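# Structure assessment
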Amino acid sequence: MNDVMSALDGHLSGLAAALLPYRRTAERLAGWGTQLAWTLATGGRLLAAGNGGSAAEAQHLTAELVGKLRDDREPYSAIALHAETSSLTAIGNDYGYDEVFARQVRAHGRENDILLLMSTSGTSTNLLRAVAAAREVGVRCWAFTGPAPNPLAEVCDDVLAVPSPDSQVVQELHLVSLHLLCEYVDEALPLVRQLPRTPKQRTVEFTGRLPGGADTPALAAAGSGPGINRPARNGHPTNGHGANGHGANGHGANGHGPNGHGSSRRGCPS
């Protein structure tokens, strides 16, 4: 029994010792919450990742954003990269474990999205590679780590470094941090929703012709009909019509076939 109490007291003592310096560090979470609320409310995304226990906590964070923390609200786009098991294992098999997060960041990250990485040591190569990939695509990088300085803290835009040498205490305060971050997001959302927004969507009009000049087979065969929805870079559809709302000139290549009617190849289907 004494051994049990000794373990309990020792653990709680380590946690208590970290609380006061953690409180000063955690003050930055209010600013993070406002930034994240703006990003999510304007169509951006949070990407999160970690290894081991940190992976579980990163997934906990994304679940709070896609679901809810307390009160009901709209869901927001948040992806735990390590939870994409087919992608994770395929990338690890083909490119090596150091690339499992970096390649997903290049796939899912868009300019001004946020990448939040969790690590007790701040030395994981796959997380450092993810930061490098985020720089390539314009994604901002935050980190929850253990004591700083550490390599991950050095390369991210901002870091919450828990000042404890005990990795268990670090992870426990990371859990507190993610709950606080979600609290601050929910507090900031009503104000963010009232601010004017600049549309992030880039409209691309699809004319029914391929870059080389050839008619798109489906449009040439059909002769008319709406254009094809082409997603813009941020993953949302464009206006989904051709040059004049139909094919190249409203119907087939020249409106009709050679003699005012459709042939087997132009204007109308055969």
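Structure: above.
This text gives an overview of the structure that appears in the document. (Residues numbered from 1 in each chain as written. Predicted model: local features only at pLDDT ≥ 70, side-chain atom pairs only at ≥ 80, totals over all residues. Heavy atoms only, no water.)

### Quick word on the packing of helix 3 (residues 53-66) against helix 8 (residues 167-194)
- Interaxial distance between helix 3 and helix 8 falls to 10 Å at its minimum, and their mutual angle equals 15 degrees. Taken together, the axes of helix 3 and helix 8 are roughly parallel relative to one another. The handedness of the crossing between helix 3 and helix 8 comes out as right-handed. Across the interface between the two elements, Gly 53, Ser 54, Glu 57, His 60, Leu 61, Glu 64 and Leu 65 from helix 3 touch Gln 171, His 174, Leu 175, Leu 178, His 179, Leu 181, Cys 182 and Val 185 from helix 8.
- When the residues that make up the contact of helix 3 with helix 8 are grouped by side-chain class, the tally is seven nonpolar, six polar and two charged. (Axes fitted to C-alpha atoms, helices over the stretch in contact; angles between N-to-C directions. Helix = DSSP H or I, 4+ residues; strand = E, 2+ residues; numbered from the N terminus. Parallel < 35°, antiparallel > 145°, perpendicular 65-115°, else oblique. Left-handed = near helix turned anticlockwise from the far one by under 90°. Contact = heavy atoms within 4.5 Å. Nonpolar A, V, L, I, M, F, W, Y, C, P; charged D, E, K, R; others polar.)

### Considerations on the sheet that holds strand 3 (residues 114-119)
- Read from one edge of the open sheet, five strands run 2-1-3-4-5, paired in parallel fashion. Of all strands in the sheet, those with a lone pairing partner are strand 2 (78-80) and strand 5 (158-161), marking the two edges. Along the sheet, successive strands turn relative to each other by an average axial angle of 15 degrees, direction set aside.
- Pairing geometry for strand 4 (residues 140-145) and strand 5, over four bridges, is parallel. From the neighbouring strand, Trp 142 faces strand 5, where its bridge partner is Asp 158.
- Contacts from helix 6 (residues 125-137) reach strand 1 (46-50), strand 3 and strand 4 within the one sheet, and its direction differs from that of strand 3 by about 170 degrees. (Pairing = 2+ DSSP bridges.)

### Looking at the nonpolar core
- Grouped together as the largest cluster of nonpolar side chains are 33 residues, with contacts concentrated most on Leu 36, Leu 46, Leu 61, Leu 65 and Leu 116.
- Residue contacts for Leu 65: discarding those within four places in its chain leaves Leu 36, Leu 40, Leu 46, Arg 73, Pro 75, Tyr 76, Ala 78, Cys 182 and Val 185.
- Grouped together as the second largest cluster of nonpolar side chains are 26 residues, Leu 88, Val 105, Leu 152 and Val 159 included. (Core = buried A, V, L, I, M, F, W, Y, C linked by side-chain atoms within 4.5 Å. Buried < 20%, exposed > 50% of the residue type's maximum accessible area, 1.4 Å probe, protein only.)

### What to know about helix 6
- Between the first and last C-alpha of helix 6 there are 19 Å, a value that for 13 residues agrees with the 18 Å anticipated at 1.5 Å per step.
- Taken together, the buried positions of helix 6 are Asn 126, Leu 127, Ala 130, Val 131, Ala 133, Ala 134 and Val 137. Across the axial projection of helix 6, the buried residues extend over an arc of 165 degrees, all falling on one side.
- Immediately downstream of helix 6, the backbone of Gly 138 shows phi near 80 degrees, a positive value. (Expected span 1.5 Å × (residues − 1). Arc of directions from axis to C-beta.)

### Some details on the pattern of salt bridges
- Summed over all chains, the structure comprises eight salt bridges.
- Between Glu 74 and Arg 193 there is a salt bridge, with the nearest N and O atoms lying 3.2 Å from each other. With a gap of 119 residues between them, Glu 74 in the loop between helix 3 and strand 2 and Arg 193 in helix 8 connect regions that are remote in the sequence.
- Residue classification places Glu 74 among the partly exposed positions, given a relative accessible area of 35%.
- A salt bridge links Asp 157 to Arg 135; the nearest nitrogen and oxygen atoms lie 3.1 Å apart. Within this pair, whereas Asp 157 is found in the loop between helix 7 (151-155) and strand 5, its partner Arg 135 is found in helix 6, the two being separated by 22 residues in sequence. (Salt bridge = Lys/Arg side-chain N within 4 Å of Asp/Glu carboxyl O.)

### Some words on the side chain of Arg 73
- If you trace the backbone, Arg 73 turns up in the loop between helix 3 and strand 2.
- There is a polar contact of 2.8 Å between the side chain of Arg 73 and the backbone oxygen of Glu 64.
- Polar contacts involving the side chain of Arg 73 include one to the main-chain carbonyl oxygen of Leu 65, which spans 3.0 Å. (Polar contact = N/O pair within 3.5 Å; in protein donor to acceptor, adjacent residues only side chain to side chain.)

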